[in-house]
Amino acid sequence: MKAQDINFNASWKFYNAEAEGAEAPEFNDSDWRNLNLPHDWAIEGPFDIKYNARSGGLPFHGTGWYRKHFKMEADAKGKVVRIEFEGAMYNAHVWVNGEFIGNRPFGYIGFEYDISKHLKYDGSDNVIAVKLKPEDLSTRWYPGAGIYRSVWLKIDNKVHVGQWGTYITTPTVTKDLAVVQNETTVVNKSSESVEVKVNHEYFSPEGESVSFIDETISVAANTSGTSQLFSKIKNPKRWDTENPNLYDVVTTITQNGNVVDTYKSRIGLRSIRYTKDGFFLNDKPVRFNGVCLHHDNGALGAAVYRRADERKLQIMKSMGVNAIRTSHNPPSRELLELCDELGLMVQDEAFDVWKMEKVPNGYNLFFDEWGERDLKDMIKRDRNHPSIIMWSIGNEIIEQKDKKNGWKVAKRLNAYCKEIDPTRPTSAGFNHYSSPYDNNMAQQVDIAGMNYKPTHYVDVRNNYPELPFVATETSSCTSSRGIYHLPIEKYRVHESKHVTSYDLIGPVWAYPPDIEFHYQEQNPHVMGEFIWTGFDYLGEPTPYGGRDNSTNGYWNDDWPSKSSYFGAVDLCGFPKDRFFLYQSQWTTKPMIHLLPHWNWKGMEGQDIPVYCYTNCDSAELFVNGKSMGKKVKGKDLTELLVSFNDYEGETFQSKYRLSWNVPYKAGDIRVIGYKDGKPVQEEQIFTAGKPAKINLSVDRTEINADGVDLAYVTVRIEDKNGNLCPMADNLVNFSVKGAGRLIAVDNGNQISVESFQANHRKTFSGMCLAVLKSSEHSGTITLKATSKGLKSKSVTVQTK
Ligand code: GAL
């Protein structure tokens, strides 16, 4: 990033259909819609079955045009002007003042063009036009549509630091010393050879200057040159998951005594290594308590909001997560910056498909022409992030079955990774056993990734004792927040189109979290797991839709089921019960969680299974004050109904959950968790009375007045005593006043096709969400929530 880079997100014109001649500067776009980027047109809806439930039932395909008018200052003439798109979904074609500049099919990668010679610097109008053409049946999930990431205009001197111009690695990092290698690319677009001084100043996390180094290089006319400098930093503050220390690097290019460019990079000092027995961060063994995440942010769609990504990662961290897999494509720049800042390790994944198709109009059509470039660009863009600890060249690639050629493609892609960044291991997620191992494909990457094969961890170790491996996708358990079906059954689908939160249902390859915990414990050489998924996402409503994962085409049999059930957290960011099961396994601060709710009118006297997820040693359950007995973790087991591919047997005795069967009587259930014999945590759930009032809580009461910051308001329907009404589906109306507006609503219900952009929402299992966005003027935003027959409520947020 450079100080002079101009954020180019404001004031675009948009038209959501084919517009003949719209690339021409004189084209009349006066009746097109005005908007600011990032923008996802598909999230605006409406939902419709014709858009395919598999991709979220939202209008993501068709043609979208964007145009922006702008003037260039006269002094930019003679400079180098580039336009950068961080991501456009997809199949972008770009024109400047009517001239075609280039195209980029892949929606998940950024791209830039030098447009200097196409611009007018005389104060007249310049027009940039972008045409996007996402296709139907091109994706297995909701991709979003539009210029959904930021755009930048970059104005540089002829001599400047190039795109992704610094590559900074840490060949040595110990407690006492870090050696930092800085490779900087200097571009010379002038017609003469130049001599330039390249210098780097390193600043500690506290902002102190800790190292300074320079050298002079010459760069021939119309070429680029590289400077390579090593710096030493004593007593480095290392980057890790607990203390994600970051250093700033300021690179200055001086020509004839004048500073011609200044470039900022942010790095972390850390070492990584792996063996067949594990992964090490700063020489300490770490296991991945990881989650796979898609790029959408629920009701906000694919449009990138830094705060939305930050909140998502904070929620994941609070579950005990230390690693993210960016399934299955390059994520936003913001997500990676946040992983650096929050201390989350990242497996950065390039592709879901190579040449063999998963869906008829997928990326496979572009792979031959663009695959190498897209993969290399991802690595060039991302390789300074300390959070990234592994590259993935693909997920469940169909070429696994191609005995003859699959491994050759893997070998080639792996070599590209090594060429651009030899400092990190490579991986890929394989969902077959044993074909990718038999045909030598899994062996092409440094760390083989296994998807849904816990029962084969032993075989892999026995058959390939030297092969390091990690569980790149696990569990795929499904659930709907707050929904419990009794009696507990292992069904494939349920007539309600919801899935019980007793956490045992999934498709044929899926299994409860407990199974993976067990096999990870049995196989300590596995580097850990990445669950499918941390958050629910739009599209892929398995086990509904009527298809299995590999089936092409439409998934509309169970419409309006339209979003995923896989998340430990729902589409709103509200934890489901599974969140707490992971938290009980991945965190040590005492926690306890009880399920289900305690509103079972009509079932008086019948047994209700009560589950407790806790990291305490033992827990005691009380029903209406009466003890139902203490259960000890590790000793008292819960029988789960389990069946999935490759699993022999139909049950599993889980030591990861405590459970009781207790007859229902309205009142309350209460659990006390004990550690070392002492009570340390408790939770109590009351039978809720009739809905009486709305309760609102906001994640932050002060946000930036920058037009992009967000406040998330959680809405609960409560009885008169403040208990959540677990079945409430009241319609809540919102009105907003002041320095912001309501930009999205949701309730996490996978079968709701209510608009995300309305000013009202029904609650689901008693809750819904309202997302507020600040304006650019500081002040107060007030959100008022009302609902028929209920006491209303307001909340205010300051913007600064
Ligand atoms: C995997 C796939 C994921 C998702 C998941 C659902 O096979 O890699 O993208 O589809 O299944 O269980």
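Note that this is a predicted model, so its numbers are computed, not measured.

Peer 1: I keep staring at the UniProt feature "domain: DUF4982" (unreviewed entry) in the chain and nothing clicks. Help me out?
Peer 2: The residues that UniProt annotates with the feature "domain: DUF4982" (unreviewed entry) are residues 605-680. Helix makes up 0% of residues 605-680 and strand 61%, and the two end C-alpha atoms of the span are 31 Å apart.

Peer 1: How should the state of the cysteines be read in this particular structure?
Peer 2: In protein chemistry, a disulfide is the covalent bond that joins the sulfur atoms of two cysteines. One pass over the full model with this rule turns up zero disulfides. In this structure C292 is not part of a disulfide, and its nearest cysteine sulfur, from C339, lies 13 Å away. Since its relative accessible area comes to 0%, C339 is described here as buried.

Peer 1: So what exactly am I meant to see when it comes to the nonpolar core here?
Peer 2: Across soluble globular proteins, nonpolar side chains have a tendency to be buried as a group. Counting residues in hydrophobic clusters, the biggest one holds 128 residues, and the most contacted among them are F288, M319, W354, L375 and W598. Sequence-distant contacts of L375, that is, excluding residues within four places in its chain, are made with A350, F351, I393, L413, Y416 and C417.

Peer 1: Got a minute to help me understand the pairing of strand 24 (residues 388-395) in this structure?
Peer 2: Within a regular strand, side chains alternate between the sheet's two faces. Of all eight residues in strand 24, eight are buried, a share of seventy percent or more. The pairing of strand 23 (residues 345-349) with strand 24 spans four bridges and is classified as parallel. What sits directly across from Q347, in strand 24, is M390. Taken together, strand 23, helix 3 (residues 364-382) and strand 24 constitute a β-α-β crossover, and its handedness is right-handed. Sheet topology places strand 24 next to strand 25 (residues 426-430); three bridges connect them, and they run parallel. Its bridge partner lying in strand 25, W391 is registered against T426. Handedness of the β-α-β unit built from strand 24, helix 4 (residues 406-420) and strand 25 comes out right-handed.

Peer 1: Teacher, can you tell me more about the environment of K197 here?
Peer 2: Looking at where K197 falls in the secondary structure, it is placed in strand 13 (residues 194-203). Under the relative-accessibility criterion, K197 is labelled partly exposed at 34%. As for K197 and G257, which are separated by 60 residues in sequence, their C-alpha atoms are 8.7 Å apart. Discounting chain neighbours no more than four positions away, the residues touching K197 are D214, E215, T216, T252, I253 and T254.

Peer 1: Explain the site of the ligand to me, please; I cannot follow it from the model alone.
Peer 2: For the ligand, the set of nearby residues contains twelve residues, the closest of which are R140, H328, E396, S476 and E540. At 2.9 Å from an oxygen atom of the ligand is found a side-chain nitrogen or oxygen belonging to N395. With respect to the ligand, the side chain of E396 contributes an N or O atom lying 2.5 Å from an oxygen atom. Notes on the ligand: free accessible area 310 Å², of which the protein chains cover 99%. The class makeup of the residues in the shell around the ligand is four nonpolar, four polar and four charged.

Peer 1: What exactly am I supposed to notice about the pattern of salt bridges here?
Peer 2: Here the idea is simple: oppositely charged side chains can pair when their charged atoms come close. Taken as a whole and assessed by the stated rule, the structure comprises 49 salt bridges. A salt bridge links K237 to E206; its shortest N-O distance comes to 3.2 Å. Taken together, the residues K237 in the loop between strand 15 (223-234) and strand 16 (247-255) and E206 in the loop between strand 13 and strand 14 (209-219) connect sequence positions 31 residues apart. Residue K237 is classed as partly exposed on the basis of its relative accessible area of 38%. The exposure class of E206 is exposed, given its relative accessible area of 52%. With its nearest N and O atoms 3.0 Å apart, the salt bridge here joins E349 to R325.

Peer 1: How should I be thinking about the packing of aromatic side chains in this particular structure?
Peer 2: By convention here, two paired aromatic rings are described through the distance between centres and the angle between planes. Under the definition given, this model contains 36 aromatic pairs. Plain terms: the ring middles of F14 and Y66 are 4.7 Å apart, the flat faces sit at 40 degrees to each other, and that makes the pair tilted. In this pair, F14 sits in strand 2 (residues 12-15) while Y66 sits in strand 4 (residues 64-70), placing the two residues 52 residues apart along the sequence. With relative accessibility at 5%, the residue F14 sits in the buried group. The exposure class of Y66 is buried, given its relative accessible area of 0%.

Rules behind the numbers
- Residues numbered from 1 in each chain as written.
- Predicted model: local features only at pLDDT ≥ 70, side-chain atom pairs only at ≥ 80, totals over all residues.
- Heavy atoms only, no water.
- UniProt positions renumbered as here; feature names shortened; annotations may be inferred.
- Helix = DSSP H or I, 4+ residues; strand = E, 2+ residues; numbered from the N terminus.
- Disulfide = S-S within 2.5 Å.
- Buried < 20%, exposed > 50% of the residue type's maximum accessible area, 1.4 Å probe, protein only.
- Core = buried A, V, L, I, M, F, W, Y, C linked by side-chain atoms within 4.5 Å.
- Contact = heavy atoms within 4.5 Å.
- Pairing = 2+ DSSP bridges.
- Right-handed = clockwise from strand over helix to strand, strands pointing away.
- Near = heavy atom within 4 Å.
- Polar contact = N/O pair within 3.5 Å; in protein donor to acceptor, adjacent residues only side chain to side chain.
- Areas by Shrake-Rupley, 256 points an atom, 1.4 Å probe, with all protein chains shown as cover.
- Nonpolar A, V, L, I, M, F, W, Y, C, P; charged D, E, K, R; others polar.
- Salt bridge = Lys/Arg side-chain N within 4 Å of Asp/Glu carboxyl O.
- Phe/Tyr/Trp six-rings, centres within 6.5 Å; stacked < 30°, edge-to-face > 60°.

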